[in-house]
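Reading the structure
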Amino acid sequence: MAARLTDEQIKKIIADYLELESYNAVAKRNDVSPNTVKKVRSGR
């Protein structure tokens with residue numbers, strides 16, 4: 001079972017995406033998969 005992201009982690013991923021505009025760069029910065037970044041950005 002996968003670990004859930006905290007509200008703080010989600011906010012940081014969103015902020016990083018607004019800055020970097022790259023799923024891969026945000027994923028590396030936050031130690032998550034690019035698919036996780038896509039899900040956070042889409043609101044899932």
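Residues numbered from 1 in each chain as written. Predicted model: local features only at pLDDT ≥ 70, side-chain atom pairs only at ≥ 80, totals over all residues. Heavy atoms only, no water.

Concerning the packing of aromatic side chains
This is how the line gets drawn: Think of it this way: a Phe, Tyr or Trp ring, Trp meaning its six-membered ring, pairs with another when their centres are within 6.5 Å, and the plane angle makes it stacked under 30 degrees, edge-to-face over 60, tilted otherwise.
One pass over the structure, following the stated rule, counts one aromatic pair. Where Y17 meets Y23, the ring centres are 5.2 Å apart and the plane angle is 25°; that geometry is what we call stacked.

Let's talk about the packing of helix α2 (residues 23-30) against helix α3 (residues 34-42)
Test applied: All axes here are fitted lines through C-alpha atoms, helices being fitted over the stretch that makes contact, and every angle between N-to-C directions spans 0 to 180 degrees. In this description a helix means any DSSP run of H or I spanning at least four residues, a strand means any run of E spanning at least two, and both kinds are numbered starting from the N terminus. If an angle is under 35 degrees, it is roughly parallel; if it is over 145, roughly antiparallel; if it lies from 65 to 115, roughly perpendicular; otherwise it is oblique. By the convention used here, residues are in contact when the closest approach between their heavy atoms is within 4.5 Å. Three classes are used, and their members are as follows: Ala, Val, Leu, Ile, Met, Phe, Trp, Tyr, Cys and Pro are nonpolar, Asp, Glu, Lys and Arg are charged, and the others, Gly among them, are polar.
One way to put it is that α2 packs onto α3 with a least axis distance of 8 Å and a crossing angle of 105°. By the angle between their directions, the pair α2 and α3 is classed as roughly perpendicular. Contacts from Y23, N24, V26 and A27 in α2 reach P34, V37, K38 and R41 in α3. Taken together, the residues of the contact of α2 with α3 sort by class into five nonpolar, one polar and two charged.

Structural notes on unusual backbone geometry
Cut-off, in case you're wondering: Relative accessibility under 20% of the residue-type maximum defines a buried residue, over 50% an exposed one, and the middle range a partly exposed one, all with a 1.4 Å probe and only protein chains included.
One non-glycine residue, E21, lies in the positive phi region at around 55°. Backbone geometry places D31, a non-glycine residue, at a positive phi of 55°. Looking at the element boundaries, D31 is found in the loop between α2 and α3. Here D31 falls in the exposed class, since its relative accessible area comes to 72%.

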